[in-house]
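Here is how the chains run, residue by residue.
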Amino acid sequence: MNHEVQEEPKTSSNRESQLDLFSLIGGSWPPAPREPERQYGTVPRTPKKTLQYAHERVKSVNLLNHIVPDRRKKPVFNSSSSSNFYTKMVHDTKKIETGVLVDVGGNGIPEELYDTPSLGSPRSIPRWQERQSPIHLQDDIGVGSLVEVATDVNQHYYGVVRWIGIIDDTATAGVELEQNVCGLGDGIRNGQRLFPCAPGRALFVPLALCRRDARFRDTPPPERHLRNEEHFDQPDCPVVPGVVPPLNSLGDLAGKNRGIQGHHNSCYLDATLFAMFTFTSVFDALLYRPPEPEDSPHYSEVQRVLREEIVNPLRRHGYVRADRVMKLRTLLERLSDVPGLTSEEKDPEEFLNGLVAQLLRAEPFLKLSSGQESYCYQLFVEKDEHVTLPSVQQLLEQSFATSGVKLSEVPAAFIIQMPRFGKNYKLYQRVLPSPLLDVTDLIEGLPRQCAVCGSLARWECSACVTGGALDTGALCTSCLRLAHATRPTHKATPLARCEEYANILESCPVPRVYMELFAVLCIETSHYVAFVKTGVAHDAPWCFFDSMADRKGERNGYNIPEIIEIEELAGWVSDEGGRALHASAPHDRLLPAHAKRLLADAYMCFYRSPDVAMYR
């Protein structure tokens, strides 16, 4: 390399070249504490914060000196000897598109189910440069690769390669970083857009300084226990691209080796995914929303694994092998701030927070009149000692009456957490899941019926609410005057209404808005199972799903998932049938096994509004 790079005296022109090097990385390069690496299944890292350390000291004028090609060797580039290597950039917008690489395989063998991008550029790299960067050639970095760029101040920057090109005889990578860095751009260089991304995430750096993301290296292959010769009797689980609609009936799905195979404390995720995607499309927007600039660089890969390796195989073949689910768990473990998703016992709301809220950035399912948004609603109520079998309808209205908030719109999906905390504490020993949820009185702005005369209500008085039933607090003007004549301390508030419908509703019955129960997650001790409605019809049968219903082999064996049709469940959740069953079996041990799980172990109820879901 000595014949390529010549020494230059340290003059003012040399300082100008250092400024060009600052421009080379597209902005400031602040030092920050190094994030410790960790291995699969160990204590997770702490959440990363936005990198804005403009006030901190840097070690030299040439900020590129802090970027080194190997973490184990940290040479400091001499600005005078490297001025010819990193020269002024000339852009070539040609780029090579491949899939996003997530290397979760081990033993140096690439995972065959993931794309492996090869190194490419608009023109060949000079041989002198190839000899200079053997690490890069071994890592085989290409567009779509997950990479890290190390610095000599023990800081690592992670991102996805979005563009590769030759810039004045230097192979250069355009990297979209995971988080914003003060001073970086949005993929535009010298007025030319090379790739789109959110502002503050576009880093242009010599390709030789990029390495494979160490967080996804040397991960033990999760399917190792499934590849033993003695376990070849398991059903196949191919990748299914494209669009596969949800099932509309149970069909031949019942039986063993059906559903999602559990593995290593995955029941919280298996039951939730089965409930969300098998027989309903209310959550399908998560599978098909195009990426946006504000999304994580890993958004498309997480979405692809969820859609093509879990949901589509489940809907088409009725079976998802555990290694497919482990790929999603590994991505969530490494990319979200929810720790322990690949090994520890978790609750469904933690999984929803990591996948739906953080990585897929879905629009919140619930929007409250207070301005708050959420993906599920936790019931907070005071226990009524006179009630032994409350329904979800009663508890929901009581919770809303206590909080004083309402929903600002009808949700497409309504996920309700029961008044319990984990597996140890339950406010009520049994809860009856309401098959239909009347949300008319929970929605702000919907027309409501007067509790006394049945006409259109104009006022609402929270003090008049009896038994937690919100409909008892809605009154028309004349009934309010009569009711408050003897209740001088009560204060009523006017109801928001649309004048366009006021005259029509004065002479017509006030319509009610209902949501349909389609799934119930239950937990007994520390194991989650799911009851799911197998279709959209009102009388569609229900099924019971357990991802770890049976097991073959011991330590090196595998779990067997099972789906069972439950014909009696529609009667259990009806108000009359549920209360008759509750009265006939005062002790849990007297209940049928599945009825006991449904009534005594309910953890989360899923409701849907098919009409609203069509417009989401």
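Quick caveat, the model's predicted, so the values are computed rather than measured.

1. Comments concerning the overall build of the chain
Logical step 1: When helices and strands are tallied, the chain shows 15 helices and 26 strands.
Logical step 2: For the chain, long-range pairs separated by at least 24 residues make up 70% of all intrachain contacts whose partners lie at least 6 apart in sequence.
Logical step 3: Entry remark: accessible area of the chain is about 27,800 Å², with carbon and sulfur atoms responsible for 51%.

2. What to know about a nonpolar patch on the surface
Logical step 1: Side chains of Phe380, Phe421 and Tyr425 sit close together on the surface and give an oily, nonpolar patch of about 340 Å² of accessible area.
Logical step 2: With respect to the secondary-structure elements, Phe380 resides in the loop between strand S14 (377–378) and helix H9 (392–403).

3. Some words on the packing of aromatic side chains
Logical step 1: Considering all chains together, one arrives at 14 aromatic pairs under this definition.
Logical step 2: Relative to Phe204, the ring of Trp163 has its centre 6.1 Å away and its plane inclined at 70°; by these criteria the two rings are edge-to-face. Taken as a pair, Trp163 in strand S3 (residues 156–167) and Phe204 in strand S7 (residues 202–206) lie far apart in primary sequence, 41 residues in all. In this pair, the class of Trp163 matches that of Phe204, namely buried.
Logical step 3: Their ring planes at 70° and their centres at 6.4 Å tell us that Tyr377 and Phe414 sit as a pair that is edge-to-face. Here the residue Tyr377 occupies a position in strand S14, and Phe414 occupies one in strand S15 (residues 413–417), the gap between them amounting to 37 residues.

4. What about unusual backbone geometry?
Logical step 1: Unusually for a residue other than glycine, Arg361 sits at a positive phi of about 50°.
Logical step 2: Looking at where Arg361 falls in the secondary structure, it is placed in the loop between helix H8 (348–359) and strand S12 (366–367).
Logical step 3: With relative accessibility at 34%, the residue Arg361 sits in the partly exposed group.

5. Re the nonpolar core
Logical step 1: In this structure, Phe283 and Phe414 are the most contacted members of the largest nonpolar core, which totals 105 residues.
Logical step 2: Here this core gets 9 residues from one element, more than from any other, and that element is helix H4 (residues 267–277).
Logical step 3: Two domains each donate at least three residues to this core, and these are domain 2 (251–359) and domain 3 (366–439 + 513–608).
Logical step 4: In contact with Phe414, other than residues within four places in its own chain, are Leu366, Tyr377, Leu396, Phe400, Leu407, Leu437, Val439, Met515, Cys605, Phe606 and Tyr607.
Logical step 5: Of all hydrophobic cores here, the second largest spans 19 residues; its members include Val149, Val161, Ala173 and Val205.

6. Details of the pairing of strand S4 (residues 170–177)
Logical step 1: With 8 of 8 residues buried, S4 is to be regarded as a mostly interior element.
Logical step 2: Alternating residues of S4 divide into Thr170, Thr172, Gly174 and Glu176 and Ala171, Ala173, Val175 and Leu177, and every residue in both groups is buried.
Logical step 3: As defined by bridge partners, S3 adjoins S4 across 8 bridges and the pair is classed as antiparallel. Opposite Ile167, over in S4, you have Thr170 as the bridge partner.
Logical step 4: Between S3 and S4, which pair antiparallel in sequence order, lie 2 residues; one of them, Asp168, sits at a positive phi of approximately 50°.
Logical step 5: Of the strand pairs in this sheet, S4 and S7 are connected by 5 bridges, and their pairing is antiparallel.

Conventions adopted
- Residues numbered from 1 in each chain as written.
- Predicted model: local features only at pLDDT ≥ 70, side-chain atom pairs only at ≥ 80, totals over all residues.
- Heavy atoms only, no water.
- Helix = DSSP H or I, 4+ residues; strand = E, 2+ residues; numbered from the N terminus.
- Contact = heavy atoms within 4.5 Å.
- Areas by Shrake-Rupley, 256 points an atom, 1.4 Å probe, with all protein chains shown as cover.
- Patch = residues over 30% accessible without salt bridge, like charges linked within 9 Å, V, L, I, M, F, W, Y side chains within 5 Å.
- Salt bridge = Lys/Arg side-chain N within 4 Å of Asp/Glu carboxyl O.
- Phe/Tyr/Trp six-rings, centres within 6.5 Å; stacked < 30°, edge-to-face > 60°.
- Buried < 20%, exposed > 50% of the residue type's maximum accessible area, 1.4 Å probe, protein only.
- Core = buried A, V, L, I, M, F, W, Y, C linked by side-chain atoms within 4.5 Å.
- Domains from an automatic or database assignment.
- Pairing = 2+ DSSP bridges.

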